[in-house]
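Summary of structural features
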Amino acid sequence: MVDALGVAVVGFGWMGRVHTQAYARVPHHFPRLGVRPELVAVAEEVPGRAEEAAARYGFASTYRDWRDIAADARVRAVSITAPNFLHREIGVAMAEAGKHIWIEKPVGLTAADARAVADAVARARVQGAVGFNYRNAPAVEAARELIASGEIGAVTHVRIRLLSDYAAHPEGALTWRYERERGGSGVLGDLASHGVDLARFLLGDIASLVADTAVFIPRRARPTGATAGHALATGGELGPVENEDYVNCLLRFASGARGVLEACRVSVGEQNDYGFEVHGARGAVSWDFRRMNELAVSRGTAYQDQPVSTVYVGPGAGEFAAFQPGAANAMGYDDLKVIEAYRFLRSIAEGRPYGTTLADAVHSATALDAMARSARTGSWTTLEPAP
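Residues numbered from 1 in each chain as written. Predicted model: local features only at pLDDT ≥ 70, side-chain atom pairs only at ≥ 80, totals over all residues. Heavy atoms only, no water.

**Let's talk about the overall build of the protein chain**
Check the secondary structure of the protein chain and you find 10 helices and 17 strands. Taking 387 residues into account, the globule formula puts the C-alpha radius of gyration at 21 Å, and the protein chain, at 21 Å, falls close to it. Across its three principal directions, the C-alpha atoms of the protein chain cover 65 × 55 × 35 Å. The buried share of the protein chain, reckoned over its 387 residues, is 56%. (Helix = DSSP H or I, 4+ residues; strand = E, 2+ residues; numbered from the N terminus. Rg over C-alpha atoms; globule rule 2.2 N^0.38 Å. Buried < 20%, exposed > 50% of the residue type's maximum accessible area, 1.4 Å probe, protein only.)

Shown next, in the form of structure tokens:
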């Protein structure tokens, strides 16, 4: 018997749609999952957006105020895809209302925000998942196993990049994303949070770091109406961009490995150029999100002039078999969110964490806070080891 689980979505921009579609697809890809999500409610303050979501996806109820979802007894699990500055308030309230939460990173604006949500989840004894979707790529999970197996030897250094052009247009609207009070640390929370999670997922804890940040487009036009995504705005009053367009960070891992993490939201000519290169004493492994189902692997005993091979991941890697029957059949971004939804729902069904947790969000946010401090002081910052 598969139990129905009432789910709701708070905030119905692009990411709210992605979560909704993931819930709808989970039963098709993971038919043995012990719960079946039912779309009970959606909350969105922009007029008409919740109603449009209900008409398109079949939500039973629509709300303007997210607090109505917290009070809705039919709802047992909530996706929180609202803007960053609302994450702490909504996350804490939903956990205190006894709802399991799947919350998008960076879980607030600071490490204190992430800890507050994590503490609320722990007190309420509900499950919490976080939107670090890139670790769900089967190729990334295969890379982690390869590194852990020692096939490339002890890791010496890693480079992690997250370069994009979504904010590169100088006429991009001055939305909440560019305000310190509502958007937090800019590209640090938006992209570098993923980089920190990938670094920890692949190589373990970060011991210390030093960072440099910059704002390359210092002023933008304020929007004159509701916006979605990264809309352009012309003619509006110009205002200051308060948070970071760019971060470059040197990392020292607890293992002794070294790393470089670079993230930018205004890289002209780069569209979702996300990936990593991990080098070991005997080999290397690298991954490019734009070729999501491939790894470049060098292994052997030659050391010098050692060749690199392309490896196409298949059903033996991560959750690949739930989507495709054989290697080199492509998966896409939305599939990673289906995996994330599955692991969140499995956590609820089994009563134990499965996949990313709020602890991962706290570790990422702690590193981001350290980057911001380091950029201000110009000095190395030590991170506390994970409990």
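Here the narrative resumes.
**Some words on the sheet that holds strand β2 (residues 35-43)**
Sheet architecture is open: six strands sit in the order β3-β2-β1-β4-β5-β6, paired in parallel fashion. Taken across any chain shown, the strands that pair with only one partner, and hence form the sheet edges, are β3 (61-63) and β6 (128-130). When the angles between neighbouring strand axes are averaged without regard to direction, this sheet yields 25°. Sheet topology places strand β5 (residues 100-103) next to β6; three bridges connect them, and they run parallel. Residue I103 lies in a different strand from β6, and its bridge partner there is V130. Seen against the sheet, helix α9 (residues 333-350) touches β1 (3-10), β2, β4 (77-80), β5 and β6 and runs at an angle of roughly 160° to β5. (Pairing = 2+ DSSP bridges. Axes fitted to C-alpha atoms, helices over the stretch in contact; angles between N-to-C directions. Contact = heavy atoms within 4.5 Å.)

**Details of unusual backbone geometry**
The omega torsion across K105 and P106 is 10°, close enough to zero to call that bond cis. With respect to the helices, strands and loops of the structure, P106 is situated in the loop between β5 and α5 (111-124). Positive phi values are uncommon outside glycine, yet N272 reaches one of about 50°. Looking at the element boundaries, N272 is found in the loop between β12 (258-264) and β13 (273-280). The backbone of A328 sits at a positive phi, close to 75°, despite the residue not being glycine. Among the structural elements, A328 can be located in the loop between β16 (309-312) and α9.

**Overview of the packing of aromatic side chains**
Following the criterion strictly, the structure yields 17 aromatic pairs and no others. Centroid distance F12 to Y57: 5.9 Å. Interplanar angle 55°. Geometry classified as tilted. Here F12 is found in the loop between β1 and α1 (14-29), whereas its partner Y57 is found in helix α2 (residues 49-57), with 45 residues between them in sequence. Like Y57, F12 is buried. Ring centres 5.8 Å apart and planes at 45° place the aromatic pair F216 and Y246 in the tilted group. Taken together, the residues F216 in the loop between β8 (206-214) and β9 (219-221) and Y246 in strand β11 (residues 246-253) connect sequence positions 30 residues apart. Taking relative accessible area as the criterion, F216 reaches 51% and is therefore assigned exposed. With a relative accessible area of 17%, Y246 lands in the buried category. Through successive ring pairs, a cluster of aromatic residues spans W14, Y134, Y274, F276, W287, F289 and Y333. (Phe/Tyr/Trp six-rings, centres within 6.5 Å; stacked < 30°, edge-to-face > 60°.)

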